[in-house]
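# Structure assessment
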Amino acid sequence: MSSESSPAVHITSQTPLLPAIRSWEIYLLDQGKSPYTVRAFQNDLQLLAGYLPPDRAVGAISTRDLNNFLNWLQQGRGVPCSPKSLARRITSIKSFFRWLHQSGRILVDPAEKVVQQSVISPLPTVLTDEEVDKTLEVANAYRSAKKPDARPYTLLLLLLSTGIKKGECLTIQTNHIDLEAPGGPILFVRYASPRNRYKERKIPLPVEWVESYQEYLAQYQPKDVIFPWSPRRLEYLLEDIGEEAGLQKHLSFDMCRWTCALRDWKSDMNREHLRQKLGISKIQWREISMKLKQLSEMNPASN
């Protein structure tokens, strides 16, 4: 029997679920799996252990038990279960019981016939080119109002030009903007946690944004963080712009990010450069590029 697939020798079909889960955890760590992946799998199976009777042996768990558990997650638990979370939990269950079955600890794999759920979430809502122009026009008008305010335009154009996430926007500091960079002005997206360092990147900034940003600095004089407001306050600001522009859509950080990505996609930006600009992994890019392709077909470029 292969040592790569064999659980601890004391695990049998009569072993209760919790000890078997702990043995699987040791196996996964021994195989070099990420601690974060192992923890996610463990949490998923702990839910299953909490749902089934505490003395239920691994060999007595049926496909019906697993399907009932998955139905409970979606309808009976009272806690939202997103399609992505459900798909991961099914993967956890399938991996665990496949491990037990292939090592001969259980005769039948009850998870084999459990249907894997698709992890593709619905397409996001984006702005058309006309809507982009209209929202920027509305935001830009504040710069020449009776009491000039460069904040709406500075925020909106930054989001539409860089495609950064809300969390990334909220943590931008003044020293993350380099207006004197050799190749032109750039935004340096930085992360405090070492595990997120792969998301760090430099993004070019348009000249028209720099002009507004300098006005904004003179008006608000931020000391450290560029946008020192709560997430909700900035969300309201975007909503107000959208409403004034007559949008039937809910203008948001996420909508701006996807709109930026789609505009870059349609401009034939190098796909690898676009992935890096968005700060996403190659695994995430598979789904996102599929969505961008679909959105591009649904939203052809304006003549």
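Residues numbered from 1 in each chain as written. Predicted model: local features only at pLDDT ≥ 70, side-chain atom pairs only at ≥ 80, totals over all residues. Heavy atoms only, no water.

## Considering the environment of E239
Stated precisely, the cut-off is as follows: Runs of E in the DSSP output that reach at least two residues are strands. Runs of H or I that reach at least four are helices, and both are numbered from the N terminus. To sort residues, take the accessible area from a 1.4 Å probe on protein chains only and compare it with the maximum for the residue type: under 20% means buried, over 50% means exposed, and anything in between is partly exposed. Contacts are residue-level and defined by heavy atoms, with any inter-residue pair within 4.5 Å sufficient.
You can see E239 is positioned in helix α9 (residues 231-244). Take E239: its relative accessible area is 13%, and that puts it in the buried class. C-alpha of E239 to C-alpha of L251: the two residues are 12 residues apart in sequence and 5.4 Å apart in space. Once residues within four sequence positions are removed from consideration, E239 is found in contact with R232, H250 and L251.

## Notes on the packing of aromatic side chains
Keep this limit in mind: The aromatic pairing rule takes the rings of Phe, Tyr and Trp, using the six-membered ring of Trp, and pairs them if the centres are within 6.5 Å, calling planes under 30 degrees apart stacked, those over 60 edge-to-face and the rest tilted. Geometrically, a charge over a ring is one whose NZ (Lys) or CZ (Arg) sits within 6 Å of the ring centre while staying within 35 degrees of the ring normal.
In total, this model carries 14 aromatic pairs according to the counting rule given. Between W209 and Y213 the ring centres are 4.6 Å apart and the planes differ by 10°, which places this aromatic pair in the stacked class. Of the two residues, W209 and Y213 both sit in helix α8 (residues 207-220), 4 residues apart, roughly one turn of that helix. Judged on exposure class, the residue W209 and its partner Y213 are both buried. When the centroid spacing of 5.3 Å and the interplanar angle of 85° are considered together, the rings of Y220 and W229 count as edge-to-face. Here a set of aromatic residues connected by ring pairs shows up, and it is made of W24, Y27, F41, F96, F97 and W99. Over the face of the ring belonging to W229 we find R151, whose NZ or CZ atom lies 4.3 Å from the ring centre. For K202, the ring lying beneath its charged end belongs to F188, and the centroid distance is 5.8 Å.

## Remarks on the packing of helix α10 (residues 253-266) against helix α12 (residues 282-298)
If you want to describe how two helices pack, look at the angle between their axes and the distance between the axes. Keep this limit in mind: Every axis corresponds to a line fitted to the C-alpha atoms, with the helix fit spanning only the stretch in contact, and the corresponding angles, defined between N-to-C directions, vary from 0 to 180 degrees. For classification, angles of less than 35 degrees are called roughly parallel, those exceeding 145 degrees roughly antiparallel, those between 65 and 115 degrees roughly perpendicular, and all remaining angles oblique. Only Asp, Glu, Lys and Arg are considered charged, only Ala, Val, Leu, Ile, Met, Phe, Trp, Tyr, Cys and Pro nonpolar, and every remaining residue, Gly among them, polar.
Put simply, α10 and α12 touch, their axes get as near as 10 Å, and they point 75° apart. In this view, α10 runs roughly perpendicular relative to α12, as classed from their interaxial angle. On α12, the residues that touch W258, A261, L262, W265 and K266 of α10 are W285, I288, S289, K291, L292, K293, L295 and S296. Each residue belonging to the contact of α10 with α12 can be placed in one class, and the counts come to 8 nonpolar, 2 polar and 3 charged.

## So, unusual backbone geometry
Even without glycine at this site, Q221 takes up a positive phi of about 45°. Considering the arrangement of structural elements, one finds Q221 in the loop between α8 and α9. Here the phi dihedral of D268 falls at roughly 65°; this positive angle occurs in a residue that is not glycine. Among the secondary structure elements, D268 is positioned in the loop between α10 and α11 (271-278). Look at D268 and you get exposed, because its relative accessible area is 62%.

## Notes on α8
How we decide: By this rule the span expected of a helix is its residue count minus one, scaled by 1.5 Å. Arc definition: directions from the helix axis to the C-beta atoms.
Taking 1.5 Å per residue, 14 residues should reach 20 Å; α8 reaches 20 Å between its end C-alpha atoms and fits that length. Three or more residues of α8 are buried, namely W209, V210, S212, Y213 and Y216. Looking down the long axis of α8, one finds its buried residues gathered within 165° of arc, a one-sided arrangement. In α8, those exposed residues whose orientation departs by more than 90 degrees from the buried face are V207 and A218. Where the residues of α8 are buried, they touch α6 (151-162) and β1 (177-178). Following α8 by one or two positions, Q221 has its phi on the positive side, about 45°.

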